[in-house]
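# Examining the three-dimensional arrangement
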Amino acid sequence: MVGLKEELLKSIWHAFTALDLDRSGKVLSHNLCTVLNVPHDPVALEEHFRDDDEGPVSNQGYMPYLNKFILEKVQGNFDKVEFNRMCWTLCAKKNLSKSPLLISDEDAFKVWVIFNFLSEDKYPLIIVPEEIEYLLKKITEAMGAGWQQEQFDHYKIALNTSREGLSAWELIDLIGSGQFSKGMDRQTVSMAINEVFNELILDVLKQGYMLKKGHKRKNWMERWFVLKPNIISYYVSEDLKDKKGDIILDGNCCVEALPDKDGKKCLFLIKCLDKTFEISASDKKKKQEWIQAIQTTVSLLRAGSPPPHKEARQKRKELRQKLLAEQEELERQMKELQAANENKQKELETVQKQLEAAAARAAEEEKKRLQTQVELQDRFSLELEREKMVRQKMEEQVAQKSSELEQYLQRVRELEEMYKQLQEALEDEKQARQDEETVRKLQARLLKEETAKRAELEKWHLQQQHTIQMTEAEKQELENQRMMKEQALQVAMQQLKQLELERKEALEQYEEVKKKLETAASNTKSWKDKVAHHEGLIRLIEPGSKNPHLITNWGPAAFTEAELEERQRSWKGKKATSE
């Protein structure tokens, strides 16, 4: 129900944002309850839509109200097309472009519904370039045209420079402008959009005319079959107005081919738990396509998998999320490296300042030491000058000088110790510079690895494109072979029909000649019978003998001389018998 809720929210979001804030809540809620078949209490509805700033009429209050009182009560027993059409009616007039488009309002509505299916699950809704490419490819394939990858790449580059994707209305303008359907008429584009709409929104996996054998009368009737993920519906015609029945599919169903019988060809059988259905396709290719489609659907039902187009959409979304996560991880690593580099730089600057301060202190001490040394020299000169004058005070001055010398040596030792510390600070600075160089090399290596990874991703992308192109070429070649075989089959069928007609004509001529011969034989037999019963001048004219004919006063006689003698003997015999 979570997926259904997300699909409903996208259409509702369009409708809600298109209406005025002060009346959108009530209007939209009444319409939603009607089309979603959700029972609602008008009194409670008015109570929830009281006129204040915290009620559901505000942007902050409407979505919790929608989830609690409407979407949680949806059972799925509603018409999705009617629901989308209601939301489209509320938002289309305000947002649809006024410029003329090459597609109708009905096609624009279907593109809007497809946008809601393919758009990202974040608001405001947009469709990313990868899904735009997928949709345009589906429409182009449905039109039977070739996909212009280079043209779309230019469009994608121009799109990525300005924004992440397109809104529903910008997608409608893109398809309605005909930029990717040049050379196609409105009807072809409309049929292509309808085919993609049936597949992606109505889950129509396959449809077409076939013959179905009845269960009672056992007669064959032509029906329009529509295959969906768990059912096959059949109608009188493709307008889907007169539904004749359903074939419920589950994991226990199976389909198998049947041999030709009773004058029907391309037969196959669908076995369910309670019934079996005999189907006759128009040709072998259609038969194989339907068997394969039904077997695939049953396999998906057994595995509990979604329809192929929904599974493909989910995989594309997961791939985009994976790539986005990898990109975010790379950016995070780069930020961490940059922060570490900045911290190291700050540490180096701090050490450098400390070294500069130490050097300044050392210079000051050196200056003081030199001043002390000059003073001592002056003092020593004065003492030497006074040595003769103050010999008696020599021991005290020597003691004083010894003490001062000890202090001086102590100061020298302190300066030497400070000099060693300065050397150690310089070594620390050198080590810090080496660490900085190591970090820079590590940064360069990471950048190199990132470049190699990007090149590898580009290579994979090119391999995918090459594989798609090879698949398209093989598909085109198979289609050409199929067309050639179909043409040869049509020519052979025409020749067979011509021979059949010639055989029928020859048979009819033979029957006609046979009847004429039988009629002529019957007529000849009747005439011979009449001549046999009548002896006289009338005689059947037959080819004469080769003996010479008798000549009478009236011309050649009708009898030969031998025949006349035979007749005379016959008359004499009859006369003798009568006497």
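Residues numbered from 1 in each chain as written. Predicted model: local features only at pLDDT ≥ 70, side-chain atom pairs only at ≥ 80, totals over all residues. Heavy atoms only, no water.

### Some details on the overall build of the protein chain
A count of helical and extended segments in the protein chain gives 14 helices and 9 strands. A total of 579 residues make up the protein chain; the buried ones form 28% of that total. Residue pairs at least 24 apart in sequence account for 59% of intrachain contacts in the protein chain once pairs closer than 6 positions are excluded. Entry remark: accessible area of the protein chain is about 40400 Å², with carbon and sulfur atoms responsible for 53%. (Helix = DSSP H or I, 4+ residues; strand = E, 2+ residues; numbered from the N terminus. Buried < 20%, exposed > 50% of the residue type's maximum accessible area, 1.4 Å probe, protein only. Contact = heavy atoms within 4.5 Å. Areas by Shrake-Rupley, 256 points an atom, 1.4 Å probe, with all protein chains shown as cover.)

### Focus: a nonpolar patch on the surface
Side chains of Leu319, Leu323, Leu457 and Trp460 sit close together on the surface and give an oily, nonpolar patch of about 380 Å² of accessible area. Taken together, the elements giving at least two residues each to the nonpolar patch come down to α12 (308–387) and α13 (394–533). Take Trp460: it is sitting in helix α13. (Patch = residues over 30% accessible without salt bridge, like charges linked within 9 Å, V, L, I, M, F, W, Y side chains within 5 Å. Salt bridge = Lys/Arg side-chain N within 4 Å of Asp/Glu carboxyl O.)

### As for the confidence of the model for the protein chain
Across the protein chain, the average pLDDT comes to 82, with 88% of residues at 70 or higher. Segment residues 52–59: pLDDT under 50, and 14 contacts once partners within four positions in sequence are set aside and those in other chains are kept. A low-confidence stretch, residues 535–541 stays under pLDDT 50, and its non-local contacts, those more than four residues away or across chains, total 8 contacts. (pLDDT = per-residue confidence, 0-100.)

### Quick notes on the side chain of Ser280
One can find Ser280 in strand β7 (residues 276–280). At 2.8 Å, the side chain of Ser280 and the backbone oxygen of Lys265 are in polar contact. With near-sequence residues (within four places) excluded, Ser280 lies in contact with Met210, Leu211, Trp220, Lys265, Cys266 and Leu267. (Polar contact = N/O pair within 3.5 Å; in protein donor to acceptor, adjacent residues only side chain to side chain.)

### Considering unusual backbone geometry
Leaving glycine aside, a negative phi is the common case for residues, and trans is the common case for peptide bonds. Following Tyr123, the chain continues to Pro124 via a peptide bond in cis, the omega torsion being -5°. Here Lys218, not a glycine, exhibits a phi torsion of approximately 60°, which is positive. By the secondary structure assignment, Lys218 is in the loop between β1 (206–213) and β2 (220–228). Of note, Asp262 is a non-glycine position whose phi angle comes to about 55°, a positive value. Positionally, Asp262 belongs in the loop between β5 (254–258) and β6 (267–271).

### Quick notes on the sheet that holds β5
Here 7 strands make up an open sheet; going across it, the order is β4-β3-β2-β1-β7-β6-β5 and the pairing antiparallel. Looking at strand neighbours, the two that pair on one side only are β4 (243–248) and β5, the edges of this open sheet. Neighbour-to-neighbour, the strand axes of this sheet turn through a mean angle of 35°, independent of strand direction. Alignment of β5 against β6, held across 5 bridges, turns out to be antiparallel. (Pairing = 2+ DSSP bridges. Axes fitted to C-alpha atoms, helices over the stretch in contact; angles between N-to-C directions.)

### Thoughts on a negative patch on the surface
A cluster of acidic residues, Glu417, Glu424, Glu427 and Asp428, forms a negative patch on the protein surface. Judged by relative accessible area, Glu417 falls into the partly exposed class, the value being 43%. (Lys, Arg positive; Asp, Glu negative; His and termini not counted. Charge placed at Lys NZ, Arg CZ, Asp CG, Glu CD.)

### Description of the pattern of salt bridges
Applying the stated criterion across every chain, the model contains 30 salt bridges. The salt bridge partner of Glu106 is Arg85, with a shortest N-O separation of 3.0 Å. Residue Glu106 is located in helix α6 (residues 105–118), and its partner Arg85 is located in helix α5 (residues 80–95); the two are separated by 21 residues in the primary sequence. The exposure class assigned to Arg85 is partly exposed, which follows from its relative accessible area of 33%. A salt bridge links Lys243 to Asp246; the shortest N-O distance between them is 3.0 Å. Three or more residues joined by partner-sharing salt bridges are found here, namely Glu120, Glu131, Arg316 and Arg320.

### A short note on the nonpolar core
One broad rule of soluble globular proteins: the nonpolar side chains tend to lie buried together. Ranked by size, the top nonpolar core spans 65 residues in total, and within it Leu8, Leu32, Leu36, Phe83, Trp88, Trp112 and Ile172 carry the most contacts. The element contributing the most residues to this core is α6, with 9 residues. Formed by 21 residues, the second largest nonpolar core is a distinct cluster that contains Phe225, Ile232, Cys272 and Ala281. (Core = buried A, V, L, I, M, F, W, Y, C linked by side-chain atoms within 4.5 Å.)

### Overview of the packing of aromatic side chains
Taken as a whole, this structure holds 14 aromatic pairs when the rule is applied. Each ring, one from Tyr209 and one from Trp224, has its centre 4.8 Å from the other, and the planes form 75°; the classification is edge-to-face. Here Tyr209 is found in strand β1, whereas its partner Trp224 is found in strand β2, with 15 residues between them in sequence. Residue classification places Trp224 among the buried residues on the basis of a relative accessible area of 11%. Ring pairs connect the aromatic residues Trp88, Phe109, Trp112 and Trp169, which therefore count as one cluster. We note Arg313 situated over the ring of Phe117; from NZ or CZ to the ring centre the distance is 4.1 Å. In this arrangement the basic side chain of Arg316 is found over the ring face of Tyr134, its NZ or CZ atom lying 3.8 Å from the centre. (Phe/Tyr/Trp six-rings, centres within 6.5 Å; stacked < 30°, edge-to-face > 60°. Lys NZ or Arg CZ within 6 Å of the ring centre and 35° of its normal.)

### A word on the side chain of Lys212
Here Lys212 is to be found in strand β1. It is Glu278 that comes nearest to the buried, bridge-free Lys212 among opposite-charge side chains, at 10 Å. Discounting chain neighbours no more than four positions away, the residues touching Lys212 are Asn219, Trp220, Met221, Phe225, Tyr234, Phe277, Glu278 and Ile279.

### A few points about the environment of Cys33
Its location among the elements puts Cys33 in helix α2 (residues 21–35). A relative accessible area of 4% means that Cys33 is categorised as buried. Taking the C-alpha atoms as reference points, Cys33 and Ile70, 37 residues apart in sequence, are found 6.9 Å from one another. For Cys33, the residues in contact, after removing those within four places along its chain, are Val38, His40 and Ile70.

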